[in-house]
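# Per-entry structural report
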Amino acid sequence: MAEDAAAPHVLLICYPGQGHINPMLRLAKRLATKGLLVTCCSSSIVRDKLAAASGVSAGGAGVPVGRGRLRFDFLDDPFDGTELDLHDFLHHLETSGPPALAALLRRQAEAGRPVACVVGNPFLPWATDVAADAGVPAAVLWVQSCAVFSIYYHFANGLVKFPREGDDARLAIPGLPDLSAADVPSFLHASHPYKVLGDTVQGQFRNMARASWVLVNSFAELERDTLAALPGVTPRPPRLIPVGPLVELGVGGQEEGDDGAGAAMRGDLISAAEECVAWLDTQAPRSVVYASVGSIVMLSAEAVAEMAHGLAAAGQPFLWVVRPDTRPLLPEGFILDGAAAAAGGRGMVVPWSPQDRVLAHPAVACFLTHCGWNSTLETVAAGVPVVAFPQWGDQCTDAKFLVDDLRMGVHLRAPLRREGVREAVDAVVAGPEADAMRANARAWSATARATVALGGSSDLHVQAFVDEVSRRAR
Ligand code: UDX
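In the nomenclature of an unreviewed UniProt entry, the chain is known as Glycosyltransferase of Urochloa decumbens. Its UniProt record gives the chain a comment under Sequence similarities (unreviewed entry), which states: "Belongs to the UDP-glycosyltransferase family."

Printed below as a string of structure tokens:
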């Protein structure tokens, strides 16, 4: 398809972490499928990796996806490669990001494809300011749950008294079940080492009113009570527009008119071990424990050892994602037969998996997950029960949601012990309670698929956004 000069151009920009890149790319595909020209943008630090993963080089015309086109472009945010901690990296983005984004918007206009809307991200609140100052309509893609949005909003506006770590008070927020200190995103705990992230997310509320849309990676059926309660909060928060779950459902899944190019495109920062899917093909239906803690959680050496022994003791085959930075922590001799077979050939250890394909595989019985919001939605959409093993941030709230609200799994509490791993896996794999969890997970999967199918509630919200952007661009 030739580049359609008349197609409205939307630029999505995100923090360069996997948990942010994935929902950005998936929303980009849906928008392109509906006929828009879409540019995905982030820090130059991920330029080469995203080009390798997507097969699309930066700065070009991009590729056709459905009725539209998808391209990549990156901020010119010179980075000397010095190892920066999170605080310093966010500061780097805050200083070099705004002029770089303004320049990028100018370059797009000069190239004959003026940007009709910038879709920012909670970690980059400055993107909304740059767009608004340039007279370009702005949106925000909230990459966590509506529940977490509501908690942060109440916190940022001082609307409720938050329980402190260790006290047993409960937090009452309209539309949410009562929450203990352990259920609240840990960034809000005064002692949390990543408090800078909580501050950054709260910083988003200072200028969210400048955005015309707050798109959220969730769906109306999943968070109905939270969505219904938010408009009654004073001061009134921006309206959340659910456009999720932003997950890959495979070719022919949800993408109306998609020719498959979009469905195949990935944004992995670590290259996925596709061979694990062939290994899953050799396993019995509903037998494999899939374990992963996402892209940033670092377990201690002790926790890695307990996980290894626990998975080996659980008696089920397992597929375990151990990222390259964590691999040195594996117990000596745990990996046999080169990189692949662990625990006497019953397990496979990979540095990164094609998680969407893994969760969709009939051999997978359960997902031992850290409950990042993407993983949470992916397991909901795939209908796979969980062993919930949150570490920090919104993962704590997501775990409560999966286990106590959706009733599709069990908690695995810290400190991690091998017996705990085995017991939790047993509890979600076999027995009447496991059957009930699987039935709940299946029901949620059907609802998740229906909401993104043509005419489903999230699909209609995406279409309404596309229509409004197109109308304003005329
Ligand atoms: C983090 C937070 O935990 C999350 O809650 C927040 O919303 C975004 O930042 P992360 O910890 O990496 O993200 O977890 P998660 O949100 O689950 O995102 C990880 C993504 O990587 C998922 O889309 C998952 O499918 C993908 N993944 C993970 C793989 O494709 N392969 C793997 O082996 C592991």
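Around the ligand sit 25 residues in total, of which Ser295, Ser353, Ser375, Glu378 and Asp394 are the nearest. Here a nitrogen atom of the ligand sits 3.3 Å away from a polar atom, N or O, in the side chain of tryptophan 352. Between glutamine 355 and the ligand, the recorded distance is 3.2 Å, taken from a side-chain N or O atom to an oxygen atom. Contact with the protein chains removes 98% of the 650 Å² of surface that the ligand exposes when unbound. Of all the elements in the fold, those that place two or more residues in the shell around the ligand are helix 1 (18-33), strand 9 (288-292) and helix 12 (373-382). With 5 residues, the single largest contributor to the shell around the ligand is helix 1. Among the residues forming the shell around the ligand, the class breakdown is 6 nonpolar, 14 polar and 5 charged.

Strand order in the open sheet formed by 8 strands is 3-4-2-1-5-6-7-8, and the pairing between neighbours is mixed. On the outer flanks of this sheet lie strand 3 (63-65) and strand 8 (240-242), each paired with one strand and no other. Going from strand to strand, the sheet's axes swing by 30 degrees on average, the running direction of each strand aside. The sheet strands contacting helix 3 (residues 86-110) are strand 1 (9-13), strand 2 (37-42), strand 4 (68-74) and strand 5 (115-120), and the helix crosses strand 4 at an angle near 140 degrees.

By the criterion of burial, strand 5 is predominantly enclosed, with 6 of the 6 residues buried. One ladder, built from 4 bridges, connects strand 1 with strand 5; its direction is parallel. Paired with leucine 12 across the two strands is valine 119, which belongs to strand 5. Sheet topology note: the strand 5/strand 6 (residues 138-142) ladder contains 3 bridges and is parallel. Note that in strand 6 the partner of valine 118 across the bridge is alanine 138. Since strand 5 and strand 6 lie parallel, the crossover through helix 4 (residues 126-133) that links them has a hand, and here it is right-handed.

About the criteria used
Residue positions are given per chain, counted from 1 along the sequence in the order it is written. With the structure being a predicted model, the display of local features is reserved for residues of pLDDT at least 70 and the display and counting of side-chain atom pairs for 80 or more, all residues being used for whole-chain, interface and lining totals. Values shown for side chains rest on all heavy atoms present in the structure; no hydrogens or waters enter the calculation. UniProt positions are given in the numbering used here, feature names are shortened, and annotations may be inferred rather than shown by experiment. Whether a residue is near a molecule or strand is decided by its heavy atoms; if any one of them lies within 4 Å of it, the residue is near. Within 3.5 Å is the distance limit for a polar contact, defined as a pair of N or O atoms, with the added protein rule that one can donate a hydrogen and the other accept it, and that residues adjacent in sequence qualify only through two side-chain atoms. Calculation of accessible area relied on Shrake-Rupley with a 1.4 Å probe; when residues are assessed, cover is drawn exclusively from the protein chains displayed. The helix count covers DSSP runs of H or I at least four residues long, the strand count covers runs of E at least two residues long, and both are numbered beginning at the N terminus. Basically, the charged four are Asp, Glu, Lys and Arg, the nonpolar ten are Ala, Val, Leu, Ile, Met, Phe, Trp, Tyr, Cys and Pro, and anything else, Gly included, counts as polar. Paired strands are those between which DSSP finds at least two bridges. Only the stretch in contact is used when fitting a helix axis, every axis being a line fitted to C-alpha atoms; angles between N-to-C directions are given from 0 to 180 degrees. By definition, residues are in contact when any of their heavy atoms lie within 4.5 Å. Burial status follows relative accessibility: with a 1.4 Å probe on protein chains alone, a residue under 20% of its type maximum counts as buried, one over 50% as exposed, and anything between as partly exposed. The handedness rule is simple: strands pointing away from the viewer, and a clockwise path from the first strand over the helix to the second, make the crossover right-handed.

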